[in-house]
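Structural description and commentary
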Amino acid sequence: QEYPLAERDSVTYACVEDQAAAELIGLVATEFLLGLALRPLTGLASASILHRIFSPKAPLQKPEFEIPDSAVDLIYFQCLLWTTTLLAPPLVLVAPIVLVFQFKWLKFALQRLTSRPFVAETSALGVTFLQLTGCSCGVFACLAYGLAGKALPHDDLCGPFRGGTAPISAVASLGLPGLDVLRVVVSAVFASPGVVVGLLFLGAVIAVLHSRSGIRAHRMALERSQASAASTARALRSELSRLERHGALLKQRLEWHEKHKGSV
């Protein structure tokens, strides 16, 4: 390439793959520390400084927890973490711990470091987050598909497969039972990816239709619950009005008894 993304460091890293994996791991660590871990702390610190300068006597107003920004950052970090595992497979063992710690930290930030947002979670917002997650999974699947099926040039000592061959071919040369059938299936998939994409699209359409039918059933159940609640509210209002009339009648009787008691 005329303008490479990074300069080759042959002194520190004997293999190009190791250097790329180290760069991605550094990017994951930087995004985790600066983008996710320190953001609630910096927001609270800036809010505290502004509170001490402008309104020291008023109660401290914590910064609002931004649901859209946090969700997008979380999905981006997960996609970056998944992509890094392609070049650094041992990261798969650490990734669940990182994700659990991230969840606990965001929960602590929501409860202690920020104020709850005055926005109710809507179905449209949930659908948007689900679409973003599905898009990131699709990008990762396409990246893994391209990396496994493309012959990349590299040194023979820098990986479990020979240079100039596709990584998926290393699995076929292991000699394990059942690999012949698997080799035929994988070869058919890589030879005609359009069929796989068509089947995935058909499965997505069926899943969407099934989810819509489920949503329709839930909507009908909610409508029935709403009608039942409305009839119960009407019955309570009629009972309340009857009690008000009864109370007015008792009040008139009490006034009549007080009046005649005074005259006697």
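Quantities reported herein were computed from a predicted structural model and do not represent experimental measurements.

The rules behind these values
- Residues numbered from 1 in each chain as written.
- Predicted model: local features only at pLDDT ≥ 70, side-chain atom pairs only at ≥ 80, totals over all residues.
- Heavy atoms only, no water.
- Axes fitted to C-alpha atoms, helices over the stretch in contact; angles between N-to-C directions.
- Helix = DSSP H or I, 4+ residues; strand = E, 2+ residues; numbered from the N terminus.
- Parallel < 35°, antiparallel > 145°, perpendicular 65-115°, else oblique.
- Contact = heavy atoms within 4.5 Å.
- Nonpolar A, V, L, I, M, F, W, Y, C, P; charged D, E, K, R; others polar.
- Phe/Tyr/Trp six-rings, centres within 6.5 Å; stacked < 30°, edge-to-face > 60°.
- Buried < 20%, exposed > 50% of the residue type's maximum accessible area, 1.4 Å probe, protein only.
- Core = buried A, V, L, I, M, F, W, Y, C linked by side-chain atoms within 4.5 Å.
- pLDDT = per-residue confidence, 0-100.
- Left-handed = near helix turned anticlockwise from the far one by under 90°.
- Patch = residues over 30% accessible without salt bridge, like charges linked within 9 Å, V, L, I, M, F, W, Y side chains within 5 Å.
- Areas by Shrake-Rupley, 256 points an atom, 1.4 Å probe, with all protein chains shown as cover.
- Salt bridge = Lys/Arg side-chain N within 4 Å of Asp/Glu carboxyl O.
- Expected span 1.5 Å × (residues − 1).
- Bend = angle between axes of the 7 residues up to and from the residue.

A word on the packing of helix α1 (residues 16-54) against helix α3 (residues 91-113)
Each packed pair of helices is defined by two parameters, the angle between the axes and the distance between the axes. Across the interface, α1 lies against α3 with an axial gap of 11 Å and an inter-helix angle of 10 degrees. Judged by the angle between their axes, α1 and α3 are roughly parallel. Within the contact between the two elements, α1 uses Phe 32, Leu 36, Ala 37, Pro 40, Leu 41 and Leu 44 and α3 uses Val 98, Phe 101, Gln 102, Trp 105, Ala 109 and Leu 113. In terms of residue class, the contact of α1 with α3 is built from 11 nonpolar, 1 polar and no charged.

Here's the deal with the packing of aromatic side chains
Counted according to the given criterion, the structure contains 4 aromatic pairs. An angle of 45 degrees between the planes, with centres 5.9 Å apart, marks the rings of Phe 32 and Phe 101 as tilted. Taken together, the residues Phe 32 in helix α1 and Phe 101 in helix α3 connect sequence positions 69 residues apart. Phe 32 gets classed as buried once you look at its relative accessible area, which sits at 15%. For Phe 101, a relative accessible area of 46% gives the class partly exposed.

What about the environment of Trp 82?
Inspection of the secondary structure puts Trp 82 in helix α2 (residues 67-87). If we ignore the near neighbours within four places in the chain, the residues touching Trp 82 are Ser 136, Cys 137 and Phe 140.

What about the nonpolar core?
Ala 21, Val 28, Phe 32, Leu 36, Phe 77, Leu 80, Leu 81, Ala 88, Leu 91 and Ala 95 together form the largest nonpolar core, which totals 10 residues. Among the secondary structure elements, those contributing two or more residues to this core are α1, α2 and α3. If one sorts the elements of this core by residue count, α1 sits on top with 4 residues. Not counting the four nearest positions on each side in its chain, Phe 32 is found in contact with Ala 37, Phe 77, Val 98, Phe 101 and Gln 102. Core analysis: the next-biggest nonpolar cluster, separate from the first, contains 5 residues, Ala 37, Leu 44, Trp 105 and Leu 113 among them.

Examining the confidence of the model for the protein
Mean pLDDT over the protein stands at 78; residues scoring 70 or higher make up 80%. The secondary structure element of the protein with the lowest average pLDDT is helix α5 (residues 168-172), at 68, and the one with the highest is α3, at 87.

A closer look at the packing of α1 against α2
The N-to-C vectors of α1 and α2 enclose an angle of 160 degrees; their axes lie 9 Å apart at closest approach. Judged by the angle between their axes, α1 and α2 are roughly antiparallel. Considering how the two elements wind past one another, α1 and α2 form a crossing that is left-handed. Judged by residue contacts, Ala 20, Ala 21, Leu 24, Ile 25, Leu 27, Val 28, Glu 31, Phe 32, Leu 36 and Arg 39 of α1 engage Asp 69, Asp 73, Tyr 76, Phe 77, Leu 80, Leu 81, Thr 84 and Leu 87 from α2. Each residue belonging to the contact of α1 with α2 can be placed in one class, and the counts come to 13 nonpolar, 1 polar and 4 charged.

Focus: a nonpolar patch on the surface
A cluster of nonpolar side chains, Leu 33, Leu 34, Leu 38 and Leu 41, forms an exposed patch at the surface whose accessible area comes to about 360 Å². Residue placement: Leu 33 occurs in helix α1. The exposure class assigned to Leu 33 is partly exposed, which follows from its relative accessible area of 47%.

What to know about α1
For an α-helix the count is 3.6 residues per turn, leaving residues at separations of three or four pointing the same way. Taking 1.5 Å per residue, 39 residues should reach 57 Å; α1 reaches 54 Å between its end C-alpha atoms and fits that length. The largest bend in α1 comes to about 55 degrees, at Leu 38, with the proline Pro 40 one to four residues further on. Along α1, the positions that sit buried rather than exposed are Gln 19, Ala 21, Val 28, Glu 31, Phe 32, Gly 35, Leu 36, Ala 37, Pro 40, Leu 44, Ala 47 and His 51. The elements touched by buried residues of α1 are α2 and α3.

A few points about the pattern of salt bridges
Here the idea is simple: oppositely charged side chains can pair when their charged atoms come close. Applying the stated rule across the entire model yields 2 salt bridges. Between Arg 39 and Asp 73 there is a salt bridge, with the nearest N and O atoms lying 2.3 Å from each other. Of this pair, Arg 39 sits in helix α1 while Asp 73 sits in helix α2, and the two are 34 residues apart along the sequence. Classification of Asp 73 as buried rests on a relative accessible area of 17%. Put simply, Glu 239 and Arg 242 hold a salt bridge, and the shortest N to O gap is 2.5 Å. Of this pair, Glu 239 and Arg 242 both sit in helix α7 (residues 193-263), 3 residues apart, which is roughly one turn of the helix. We classify Glu 239 as partly exposed; its relative accessible area is 35%. Judged by relative accessible area, Arg 242 falls into the partly exposed class, the value being 41%.

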